[in-house]
Amino acid sequence: MSNARIGLIGLGTMGAALALNIADNGFPIAVWNRTTATTQEFHAGAGDLAGMITPTETLEELVASIAKPRAIILMVPAGQAVDDQIAALRPLLDDDDLIIDAGNANFHDTNRRADAAGDLPFLGIGVSGGEEGARFGPSIMGGGKRAYWDRVSDVLNAIAAKHDDTACATWMGEGGAGHFVKAVHNGIEYADMQMIAEVYGIMRDGMDMAPAAIGETFAAWDDGPLKSYLVEISGKVAAATDPKTGKPMLEVIVDAAGQKGTGRWTVIEAQHLAAPIPAIEAAVVARNLSSQLETRQAGEALFGAAPHHLPHDTLTLGTLEQALMAGKILCYAQGFDMIVKASESFGWALPLPEIAKVWRAGCIIRSAMLDDMATALGEDTGRNLMFAPRFATLLQENHNALRQVVAQAALHGLPLPALSSGLAYFDTMRTGRGTANMIQGQRDFFGAHGFARVDGGSGHHGPWGS
Ligand code: NDP
């Protein structure tokens, strides 16, 4: 039988969910997994959808099960596994068959694979939303030749999340454009999660709030302007109870955050692009520091715990909500600004309003704010989001709350790396005359690098004392 519309390799968490989603949307699919027992288990557990799925035991059988021209999705770990799988698959395929890497590839690898593929069809697509998104509607960011995207866009649009009936699946540009946008998405995700965790820390340590009350606070915020998936799940995490001990779940979870590296890739790339994303960088650093558990415990023993507890009425929950609002706008503004810089640097025409739209449903950073962001980016694609009237007004209304929170936290030893770097970014961006004149003076002093004068001309040197 060669009637499957599409094939899929890798029936792990994401691949299995994606295959069921594809079948559920009426597309016959053939699947293959390195471990055959997994394929069999998957098919046996597919219920009503089993008839739409062709399980296969060899790559040859997989290829033979797919209608021509074929399209095959790879959902295996990023890196060598993708290269190995492409190498194993290509000789079995016709020249117009399409390979789609849907894992979390580094976009440089996707650029390289697209180049290596030459005229052989290849797409790299970023898929966000975790297992549930993959099963019921992820956000999909595509990269590669537009013609290849168009060949499978019916399937991708059908399986994607919908926002007001619009599919959250968009072609971003050639080569690694889709995986690049997914990386920035993950960078924003890191910063958003870190800011929420910092606000949680103020409620827990600064305001002595119990997890249940913190959960209620996040749930209430999820009904307001902060409405977003991450605020929603933070409320649920805070409200959950450990069945083993009866304690709040947050009390039994070790505070050492894991990471798979996509946030780090974003930060490294931002440095190459000279794109300022300090809140995202702070969030990646915070995860790195979180894993230094023993060192932090030694630090607490050496320096003593900070006071943490805020005097009564120092901060209100309303102030915290406003601070988080300002922080969130600033971290999205940084992420979108990085996309503008990458677009210029890599010769992509990354569609900023479409990116905001594709993130409105299905993905981890989905948030009520993204609707207004899409509108603001549509008005002026190259403008930093913090200068768009809607967001400039919100920052004017909320930056003092962010300032109060950062100041009080600093006075009481509560670390807020992402929120405070968001504030520093805001203050830097509204300082017409900063302090880099001192840096230029220093550079000229020790290296004769020259400087520009405010009254005109560049390449000047100072009469520095010895
Ligand atoms: P899993 O670990 O759950 O599954 C990995 C799958 O890849 C398994 O089917 C495994 O087969 C197969 N595999 C592993 N190594 C190889 C190899 N060398 N050659 C062939 N097949 C191999 O991973 P996920 O489903 O979580 O992730 C898959 C991709 O999706 C990754 O790139 C990940 O970063 C990305 N992703 C994951 C998300 C998530 O929330 N989990 C969200 C978005 C993207 P076997 O059964 O034989 O081990």
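Residues numbered from 1 in each chain as written. Predicted model: local features only at pLDDT ≥ 70, side-chain atom pairs only at ≥ 80, totals over all residues. Heavy atoms only, no water.

- Going by what an unreviewed UniProt entry lists, the chain is known as 6-phosphogluconate dehydrogenase, decarboxylating and is assigned to Yoonia phaeophyticola.
- Reading the Sequence similarities (unreviewed entry) entry of the UniProt record for the chain gives the comment "Belongs to the 6-phosphogluconate dehydrogenase family."
- Check the Pathway (unreviewed entry) section of the UniProt entry for the chain; it says "Carbohydrate degradation; pentose phosphate pathway; D-ribulose 5-phosphate from D-glucose 6-phosphate (oxidative stage): step 3/3." (UniProt positions renumbered as here; feature names shortened; annotations may be inferred.)

**Digging into the overall build of the chain**
Reasoning step 1: Tallying secondary structure elements over the chain gives 20 helices and ten strands in all.
Reasoning step 2: Here the C-alpha atoms of the chain give a radius of gyration of 25 Å, agreeing with the 23 Å that 2.2 N^0.38 yields for 466 residues.
Reasoning step 3: For the chain, the spread of C-alpha atoms along the three principal axes comes to 80 × 65 × 45 Å.
Reasoning step 4: Burial status across the chain gives 50% buried among its 466 residues. (Helix = DSSP H or I, 4+ residues; strand = E, 2+ residues; numbered from the N terminus. Rg over C-alpha atoms; globule rule 2.2 N^0.38 Å. Buried < 20%, exposed > 50% of the residue type's maximum accessible area, 1.4 Å probe, protein only.)

**Digging into helix α1 (residues 13–24)**
Since one α-helical turn is 3.6 residues long, residues separated by three or four positions face the same way.
Reasoning step 1: Relative to the 16 Å expected for twelve residues at 1.5 Å per residue, α1 spans 17 Å between its end C-alpha atoms, a close match to the ideal helical length.
Reasoning step 2: The buried count for α1 comes to nine of twelve residues, which makes it a mostly enclosed element.
Reasoning step 3: Within the sequence span of α1, burial applies to Gly15, Ala16, Ala17, Leu18, Ala19, Leu20, Asn21, Ile22 and Ala23.
Reasoning step 4: Looking one or two residues beyond α1, the residue adopting positive phi is Gly26, at roughly 90°. (Expected span 1.5 Å × (residues − 1).)

**Regarding the side chain of Thr262**
Reasoning step 1: Inspection of the secondary structure assignment puts Thr262 in helix α12 (residues 262–273).
Reasoning step 2: Reaching out from Thr262, the side chain makes a polar contact with the side chain of Asn186 at a distance of 2.9 Å.
Reasoning step 3: If sequence neighbours within four positions are ignored, Thr262 has contacts with Asn104, Ala183, Asn186 and Tyr190. (Polar contact = N/O pair within 3.5 Å; in protein donor to acceptor, adjacent residues only side chain to side chain. Contact = heavy atoms within 4.5 Å.)

**Brief notes about the environment of Glu132**
Reasoning step 1: On the secondary structure map, Glu132 appears in helix α6 (residues 130–136).
Reasoning step 2: According to the relative accessible area criterion, Glu132 is exposed, its value standing at 60%.

**Details of the state of the cysteines**
Reasoning step 1: A complete count under the given rule lists zero disulfides for this structure.
Reasoning step 2: A disulfide-free cysteine, Cys331 has its sulfur positioned 13 Å from the sulfur of Cys363, the nearest such atom.
Reasoning step 3: A residue is classified by how much of its surface remains accessible, and Cys331, at 0% relative accessible area, is buried.
Reasoning step 4: The cysteine Cys363 is free of any disulfide, with Cys168 supplying the nearest cysteine sulfur at 7.4 Å.
Reasoning step 5: Overall, the relative accessible area of 0% leaves Cys363 in the buried class. (Disulfide = S-S within 2.5 Å.)

**What to know about the pairing of strand β7 (residues 139–144)**
Reasoning step 1: Buried residues dominate β7, accounting for six of its six residues.
Reasoning step 2: In β7, alternate side chains face the same way, and those of Ser139, Met141 and Gly143 on one face and Ile140, Gly142 and Gly144 on the other are all buried.
Reasoning step 3: When strand β6 (residues 122–128) meets β7, the two strands line up antiparallel, connected through six bridges. Considered in β7, the bridge of Ser128 is made with Ser139.
Reasoning step 4: Across four bridges, β7 lies against strand β10 (residues 169–173) in parallel orientation. What sits directly across from Ile140, in β10, is Ala169. (Pairing = 2+ DSSP bridges.)

**A few points about the packing of aromatic side chains**
Reasoning step 1: According to the stated counting rule, one finds ten aromatic pairs in the structure shown.
Reasoning step 2: Between Phe107 and Phe180 the ring centres are 5.1 Å apart and the planes differ by 80°, which places this aromatic pair in the edge-to-face class. You can see Phe107 sitting in helix α5 (residues 107–117) and its partner Phe180 sitting in helix α8 (residues 177–206), a full 73 residues away along the chain. Of the two residues, Phe107 and Phe180, neither departs from the other in class, the shared state being buried.
Reasoning step 3: The structure contains a cluster of three or more aromatic residues connected by ring pairs, namely Phe107, Phe180, Phe346 and Trp348. (Phe/Tyr/Trp six-rings, centres within 6.5 Å; stacked < 30°, edge-to-face > 60°.)

**Brief notes about unusual backbone geometry**
Backbone geometry follows two general trends: most residues other than glycine have a negative phi, and most peptide bonds adopt the trans configuration.
Reasoning step 1: Cis geometry marks the peptide bond from Lys68 to Pro69; its omega dihedral reads -15°.
Reasoning step 2: With respect to the element layout, Pro69 can be found in the loop between α3 (59–64) and β4 (71–74).
Reasoning step 3: Phi at Asp165 is positive, roughly 70°, even though this residue is not glycine.
Reasoning step 4: In this fold, Asp165 is placed in the loop between β8 (162–163) and β9 (166–167).
Reasoning step 5: By relative accessible area, which is 77% here, Asp165 ends up exposed.
Reasoning step 6: A positive phi angle is found at His308, which is not glycine, with a value near 65°.
Reasoning step 7: Inspection of the secondary structure puts His308 in the loop between α14 (293–303) and α15 (317–346).
Reasoning step 8: According to the relative accessible area criterion, His308 is partly exposed, its value standing at 24%.

**A few points about the domain arrangement of the chain**
Reasoning step 1: Taken domain by domain, the chain comprises domain 1 (6–175) and domain 2 (183–429).
Reasoning step 2: The C-alpha centroid of domain 2 is placed 32 Å from the C-alpha centroid of domain 1.
Reasoning step 3: Approximately 1600 Å² of surface area, both sides summed, lies buried where domain 1 meets domain 2, with 64% of it carried by carbon and sulfur atoms.
Reasoning step 4: Looking at the side of domain 1 facing domain 2, the largest losses of area belong to Phe107, His163 and Met172, adding up to 33% of the total buried there. (Domains from an automatic or database assignment. Buried area = accessible area lost by both parts, 1.4 Å probe.)

**Considerations on the pattern of salt bridges**
Reasoning step 1: The final tally for this structure, using the stated rule, is 23 salt bridges.
Reasoning step 2: The residue Asp24 makes a salt bridge to Arg135 at a minimum N-O spacing of 3.1 Å. Residue Asp24 is found in helix α1, and its partner Arg135 is found in helix α6; the two are separated by 111 residues along the sequence.
Reasoning step 3: A relative accessible area of 42% means that Asp24 is categorised as partly exposed.
Reasoning step 4: Between Arg146 and Asp150 there is a salt bridge, with its nearest N and O atoms 3.1 Å apart. Of this pair, Arg146 and Asp150 both sit in helix α7 (residues 146–159), four residues apart, which is roughly one turn of that helix.
Reasoning step 5: Among the residues examined, Arg146 registers a relative accessible area of 41% and is labelled partly exposed.
Reasoning step 6: Overall, Asp150 belongs to the partly exposed group, its relative accessible area being 40%.
Reasoning step 7: What you see here is one network of salt bridges that share partners, running through Asp83, Asp101, Asp109, Arg112 and Arg113. (Salt bridge = Lys/Arg side-chain N within 4 Å of Asp/Glu carboxyl O.)

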